[in-house]
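The lines below spell out each chain.
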Protein chains: 2
Amino acid sequence: MEENEKLETMDYEAIHEKRTDELTELLNKRDMKQLKQRMEELNEFDVAEFLAEIDDNQMPMVFRLLSKETAAEVFANFDTPEQEKIINSITDSELSGIIEELYVDDAVDMMEELPANVVKRVMRAARPETRNLINQYLRYPDNSAGSIMTSEFVDLKKYMNVKEAFARIRRIGEDKETIYICFVTSADRKLEGIVTVKDLLLADDDTVLEELMDRNVIFASTTEDQESVSEKFSDYDLMALPVVDGEGRLVGIVTVDDIIDVMEQETTEDFEKMAGILPSDKPYSRTSTVEMWKNRIPWLLFLMLSATFTSMILTSFEDMLAVQAGLVAFIPMLMGTGGNSGAQASTAVIRSLSLGDTEPRDALRVMWKEWRVSILCGLTLAVVNFFKMLLLDGLILRNDSVTVAVAATVSLSVLFIVMFAKVVGSALPILAEKLGVDPAVMANPLISTVTDAVSLLIYIYVAKIILHI
Amino acid sequence: MEENEKLETMDYEAIHEKRTDELTELLNKRDMKQLKQRMEELNEFDVAEFLAEIDDNQMPMVFRLLSKETAAEVFANFDTPEQEKIINSITDSELSGIIEELYVDDAVDMMEELPANVVKRVMRAARPETRNLINQYLRYPDNSAGSIMTSEFVDLKKYMNVKEAFARIRRIGEDKETIYICFVTSADRKLEGIVTVKDLLLADDDTVLEELMDRNVIFASTTEDQESVSEKFSDYDLMALPVVDGEGRLVGIVTVDDIIDVMEQETTEDFEKMAGILPSDKPYSRTSTVEMWKNRIPWLLFLMLSATFTSMILTSFEDMLAVQAGLVAFIPMLMGTGGNSGAQASTAVIRSLSLGDTEPRDALRVMWKEWRVSILCGLTLAVVNFFKMLLLDGLILRNDSVTVAVAATVSLSVLFIVMFAKVVGSALPILAEKLGVDPAVMANPLISTVTDAVSLLIYIYVAKIILHI
């Protein structure tokens, strides 16, 4: 039947919506038997989405219809609020069943988000071994390979042959996160090589793994930053990466689906830093007003206070600006153009650094390129601005203070400001990288505060020279 | 030997560097036999990196040491300049060998980047079937599922049993991008279900696929946007996704390693849009000065010209500002604070929209939240600014024009400006999403131009009321 649906519509979104509607209908009809069966057939992400949208009173009841395995998978796909709701409405033994079914990395993720009292109850419900494992994983530093790895991998020995390897995969593979990449370890659990199921399938039954395995293993250490782990996945097109401790013992693996989450999280952090927001782990919709205030106010305060320099410059040239009051009208445009030019350069360089396309040693090359780009951009803007001021501000809007000399002053300032902004905008992120600071911090807000002050000085000195004031 | 290295150092980066150094040494010693052997052992990404760094004259010669399979894999890992170098220095038959070994998606990627004359030569070297396939894939719209899919997948039939399925996987699996997810298709190539190697391994030999396969397939259509494809990978933790045409026929698959590239590319595009840069496919280091000028000047011009409104406002209140010349000194700070507040809100909302955490229908909830955050931020800034102006500007810097009334004017303006900026900053991206425009365009530059003008008006009207001018 589902097959027919597909052949008729061929639109995944339509099929998906129809399926969710069917679940809602079955729930409204109280046809629990059918509902249970349909939920078991669907992908656990879709079931989690369906459950998250139904009424709070009904949700735990519907969740309990699921089989133990599906329940754990759906549970792992829930956001924290739904996980809390479920934990608070099931028995200890049901809770224990779910915890034991979860992959360790999912359990650890959950523990990091849940309130302390709920964590306590979950830990009590877990078996001692599971509890120890979770506790051990919770001790790895935030955002390290250790904090995102999981313990459910297939380990093999190098003296096994292909047939024995398959026998072991069949025996222990059921609840592993991946069976396709297997890890060959020594008696003392040191990582010796990897072998893929593809290698195994294409080899003869009696080939020994020692001949088959790849010793040139790409691995991470437990304390390695997750951003570096995700670069390895991207460079080497990996499906899973082994994680070893200081003694070379295999302690866990990171799988590619976790890396996709890491990439999303790291990108969000970069966006936040570049907008002058302190990074937070929580999604926007679940961040409270006070938390948002806490994340946003530090940079706003710092940048507001930094603007004191701009005020001081303006104050000290007050007399000059009083003589040529018309000049004030173009200050916002000049600052805006400086800020935008700097933001373009810094954003491009920050992104290039984070993709590994630019290295700190390319600093001079980058600045030289930005210098040339800034001359092209600056000249274009200056010429357009010159004629715009004479025609629009001067002739059409009849702004008497706009003379040829004033238009020239503003236009020449545009050129110099753009040149300054682009070169500084590209240099600061690289400098940050060299100093071991995240370049993303050197983004728009900070650079525009610097360019604001310098733009003003450029404008004033150009005016002094051209207008003789 | 490599094993010992690992056990001693346990630092992947150190091992990696040592290996590259060894390759360089072998090359300098002209020990081509050893060099060839070591290169064959290493990961193709590392070999590609090594080759990209050695001298242009030697590079093609060293590349030709590689076996046909490795050569194709290393070639796929090259950037366009290295690919071009190789193509220009090998014979037609060597080129043909590489093209036939490449996965179609890698070949298509390459064709999209290479100059037209090189593409022509490559196409001539390819076998007619390969040429047709590449041409067909090149016709899919840019950034669609069709443009990133590949044709190398394992297809099975539902009447096969597990043993037959394994036989087919062994026979055709060697050069498939993934063998772990197999696709069950009907006689007319319509997608009927998927079956994983894990399912097959854990089942009995004579189980028929029809009983084993998952009919609840998640799929994409050829014209679907790659961003939506990548969301499916992230939601459902997929390793591979089938792509079907309008008639439901399976035409290709997308694998998770390609999705990682897509995610990086989409993130770069978002960063560029948010900084007022037209998105380009090329990395920063390979974009020419003129191209960078072309990508950056449109927004710079538009924003510069938009600042005419701010100039007009300032000009029309020139007389009033002349009376209270001290007020001008705080305009840059007010505009900066408005711009930064707006950028924080818009960035947070844009990111939340792109992660699917916020939907357009949440518009009122989001604006209500930003409204409350803006009151908290605005009040904090206003209070700090009030005392800072009185103490720093007034007492310490002895700026006579800073009276209590002026400090109150500026501080009250800060409050209103932050409130305006945050609400507009959060509303514009949602509005864009509703109108089908990419919300990323509603970011910092555009919002600061809007808030610049409004900030000024707020300031002037607050001054009129408090200072009675």
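Residues numbered from 1 in each chain as written. Chains lettered and ligands numbered in written order. Predicted model: local features only at pLDDT ≥ 70, side-chain atom pairs only at ≥ 80, totals over all residues. Heavy atoms only, no water.

1. Overview of the overall build of chain A
Within chain A, the secondary structure is distributed over 24 helices and six strands. Its C-alpha atoms give chain A a radius of gyration of 31 Å, more than 25% over the compact-globule value 23 Å for 469 residues. Here the C-alpha coordinates of chain A stretch approximately 90 × 60 × 50 Å along the principal axes. Relative to its full complement of 469 residues, chain A shows a buried share of 58%. Restricting the contact set of chain A to residue pairs at least 6 apart, pairs at least 24 apart contribute 65%. Summed over its atoms, the accessible surface of chain A is roughly 19500 Å², and 54% of this surface lies on carbon and sulfur atoms. Placing the 45 positive and 79 negative side-chain charges of chain A at their respective mean positions leaves the two points 3 Å apart. (Helix = DSSP H or I, 4+ residues; strand = E, 2+ residues; numbered from the N terminus. Rg over C-alpha atoms; globule rule 2.2 N^0.38 Å. Buried < 20%, exposed > 50% of the residue type's maximum accessible area, 1.4 Å probe, protein only. Contact = heavy atoms within 4.5 Å. Areas by Shrake-Rupley, 256 points an atom, 1.4 Å probe, with all protein chains shown as cover. Lys, Arg positive; Asp, Glu negative; His and termini not counted. Charge placed at Lys NZ, Arg CZ, Asp CG, Glu CD.)

2. Brief notes about helix α22 (residues 363-396) of chain A
In α22(A), a bend of some 35 degrees at A:Lys388 exceeds every other bend along the element. Two residues or fewer past α22(A), A:Arg398 is found with a positive phi of approximately 55 degrees. (Bend = angle between axes of the 7 residues up to and from the residue.)

3. What to know about the sheet that holds strand β5 (residues 240-244) of chain B
All names here are of chain B. Spatially, β4-β5-β6 is the arrangement adopted by the three strands of the open sheet, whose pairing is mixed. Each edge of the sheet is formed by a strand with only one pairing partner; in this case those strands are β4 (220-221) and β6 (250-255). Taken together, the five bridges between β5 and β6 define a ladder with antiparallel strand orientation. Bridging from a neighbouring strand, Val244 pairs with Leu250 of β6. The sheet strands contacting helix α16 (residues 226-236) are β4, β5 and β6, and the helix crosses β5 at an angle near 140 degrees. (Pairing = 2+ DSSP bridges. Axes fitted to C-alpha atoms, helices over the stretch in contact; angles between N-to-C directions.)

4. Focus on a nonpolar patch on the surface
Residues A:Phe309, A:Met312, B:Val383, B:Phe387, B:Leu391, B:Leu395, B:Ile396 and B:Leu397 make up a contiguous nonpolar surface patch of roughly 810 Å² in combined accessible area. At the level of elements, α19 (308-316) of chain A together with α22 (363-396) of chain B are the ones that each hand at least two residues to the nonpolar patch. It is α22(B) that provides the largest number of residues to the nonpolar patch, a total of five residues. For B:Val383, a relative accessible area of 45% puts it in the partly exposed group. (Patch = residues over 30% accessible without salt bridge, like charges linked within 9 Å, V, L, I, M, F, W, Y side chains within 5 Å. Salt bridge = Lys/Arg side-chain N within 4 Å of Asp/Glu carboxyl O.)

5. Looking at the relation of the copies chain A and chain B
At an RMSD of 0.1 Å, chain A and chain B line up after a rotation of 180 degrees and a shift of 0.0 Å along the axis. With respect to symmetry, the two chain copies, as superposed, fit the operation of a two-fold axis. A shared interface surface links the copies, since 100% of the contact residues of chain A are contact residues in chain B too. (Least-squares fit on C-alpha atoms with pLDDT ≥ 70 in both.)

6. Overview of the packing of helix α21 (residues 331-354) of chain B against α22(B)
Each pair of packed helices can be described by the angle between their axes along with the distance between the axes. Residues and elements named next belong to chain B. Two numbers describe how α21 lies on α22: the axes approach to 12 Å, and their chain directions differ by 150 degrees. With respect to their mutual orientation, α21 and α22 come out roughly antiparallel. Every pair of crossing elements has a handedness; the one defined by α21 and α22 is right-handed. On the side of α21, the interface is formed by Met333, Thr337, Ala345 and Val349, while α22 contributes Val366, Glu370, Leu381 and Asn385. Across the contact of α21 with α22, the residue classes tally to five nonpolar, two polar and one charged. (Parallel < 35°, antiparallel > 145°, perpendicular 65-115°, else oblique. Left-handed = near helix turned anticlockwise from the far one by under 90°. Nonpolar A, V, L, I, M, F, W, Y, C, P; charged D, E, K, R; others polar.)

7. Looking at the environment of A:Leu102
Residue and element names in this part refer to chain A. With respect to the element layout, Leu102 can be found in the loop between α8 (92-101) and α9 (104-113). Residue class for Leu102 comes out buried when judged on its relative accessible area of 7%. Leu102 sits 27 residues away from Phe75 along the chain, and the two C-alpha atoms are 8.5 Å apart. Excluding its chain neighbours within four sequence positions, the residues that come into contact with Leu102 are Ala72, Phe75, Ala76, Ala107, Met110 and Glu152.

8. As for the interface of chain A and chain B
At the junction of the two partners, chain A supplies 130 residues and chain B supplies 130 residues. Between chain A and chain B lies a buried interface of about 11800 Å² when both sides are counted; carbon and sulfur atoms form 64% of it. Taken as a group, A:Phe271, A:Tyr284 and A:Met304 account for 7% of the area that chain A buries against chain B, more than any other trio of residues on that side. The interface formed by chain A and chain B contains four salt bridges. Taking the shortest distance from any N to any O, the salt bridge between B:Glu13 and A:Lys232 comes out at 3.2 Å. (Buried area = accessible area lost by both parts, 1.4 Å probe.)

9. Let's talk about the packing of α22(A) against helix α23 (residues 404-434) of chain A
Residue and element names in this part refer to chain A. With their axes 8 Å apart at the nearest point, α22 and α23 run at an angle of 155 degrees to one another. Classified by the angle between their axes, α22 and α23 sit roughly antiparallel to one another. Handedness of the α22/α23 crossing: right-handed. Looking at the contact of α22 with α23, its residues break down into 25 nonpolar, five polar and three charged.

10. What about the side chain of B:Asp452?
By the secondary structure assignment, B:Asp452 is in helix α24 (residues 444-467). Lacking a salt bridge, the buried B:Asp452 has A:Lys388 as its closest oppositely charged neighbour, with an N-O distance of 13 Å. Those residues in contact with B:Asp452 that lie beyond four places of it in its chain are B:Thr310 and B:Met335.

11. Digging into the packing of aromatic side chains
Summed over all chains, the structure comprises 24 aromatic pairs over all chains. With a centroid separation of 5.5 Å and an interplanar angle of 85 degrees, the aromatic rings of A:Tyr12 and B:Phe219 are classed as edge-to-face. Of this pair, A:Tyr12 sits in helix α2 (residues 12-28) while B:Phe219 is found in the loop between α15 (209-212) and β4, placing the two residues in two different chains. With relative accessibility at 4%, the residue A:Tyr12 sits in the buried group. Residue B:Phe219 is classed as buried on the basis of its relative accessible area, which comes to 1%. Note on A:Tyr236 and B:Phe45: the rings are 5.2 Å apart at their centroids and 75 degrees apart in plane angle, and the pair reads as edge-to-face. Taken as a pair, A:Tyr236 in helix α16 (residues 226-236) and B:Phe45 in helix α4 (residues 44-53) lie in two separate chains rather than in one. (Phe/Tyr/Trp six-rings, centres within 6.5 Å; stacked < 30°, edge-to-face > 60°.)

12. Considering unusual backbone geometry
In this structure, A:Arg189 takes a positive phi of about 65 degrees despite not being glycine. The topology assignment puts A:Arg189 in the loop between β2 (181-185) and β3 (191-196). For A:Arg189, a relative accessible area of 46% gives the class partly exposed. Residue B:Asp237 is not a glycine yet carries a positive backbone phi of 50 degrees.

13. A look at the pairing of β5(B)
Judged by how many residues are buried, β5(B) sits mostly within the fold: five of five residues are covered. Of the two faces of β5(B), both are covered, the one formed by B:Ala240, B:Pro242 and B:Val244 as well as the one formed by B:Leu241 and B:Val243.

14. Quick notes on the environment of A:Phe317
All names here are of chain A. In this structure, Phe317 sits in the loop between α19 and α20 (318-323). When its relative accessible area of 15% is taken as the criterion, Phe317 is described as buried. Along the sequence, Phe317 and Thr130 sit 187 residues apart, while their C-alpha atoms lie 70 Å from each other. Contacts of Phe317, omitting those with residues within four sequence positions, involve Leu457, Ile460, Tyr461 and Lys464.

15. What about the confidence of the model for chain A?
Residue and element names in this part refer to chain A. In the predicted model, chain A carries a mean pLDDT of 88, and 98% of its residues have values of at least 70. When the elements of chain A are averaged for pLDDT, helix α1 (residues 2-9) gives the smallest value, 44, and β2 the largest, 96. A low-confidence stretch, residues 1-9 stays under pLDDT 50, and its non-local contacts, those more than four residues away or across chains, total 21 contacts. Two summary scores accompany this predicted model of the complex, namely pTM at 0.82 and ipTM at 0.82. (pLDDT = per-residue confidence, 0-100.)

16. Considerations on the nonpolar core
Among the nonpolar cores identified, the biggest contains 149 residues, and A:Leu35, A:Leu51, A:Phe63, B:Leu51 and B:Phe63 are the most heavily contacted of them. In this structure, A:Ala348, A:Cys377, A:Val410 and B:Val366 belong to the second largest nonpolar core, which totals 92 residues. (Core = buried A, V, L, I, M, F, W, Y, C linked by side-chain atoms within 4.5 Å.)

17. Overview of the sheet that holds β3(A)
Residue and element names in this part refer to chain A. Taken in spatial order, the three strands make up an open sheet running β1-β2-β3, and their pairing is mixed. Two strands lie at the open edges of the sheet, namely β1 (155-156) and β3, each paired on one side alone. Where β1 and β2 come together, two bridges link them in parallel fashion. Across the sheet, Asp155 pairs through a bridge with Phe183, a residue of β2.

18. Concerning the pairing of β2(A)
All names here are of chain A. Of all five residues making up β2, five are buried, and the element is well covered by its neighbours. Neither face of β2 is left uncovered, since the one carrying Ile181, Phe183 and Thr185 and the one carrying Cys182 and Val184 both have all their residues buried. In this view, the connection linking β1 to its parallel neighbour β2 by way of helix α13 (residues 162-172) has right-handed handedness. Alignment of β2 against β3, held across five bridges, turns out to be antiparallel. Bridged to Ile181 within β3 is Thr196. In this structure, the hairpin formed by β2 and β3 is closed by a connection of five residues, where Arg189 is found at a positive phi of approximately 65 degrees. (Right-handed = clockwise from strand over helix to strand, strands pointing away.)

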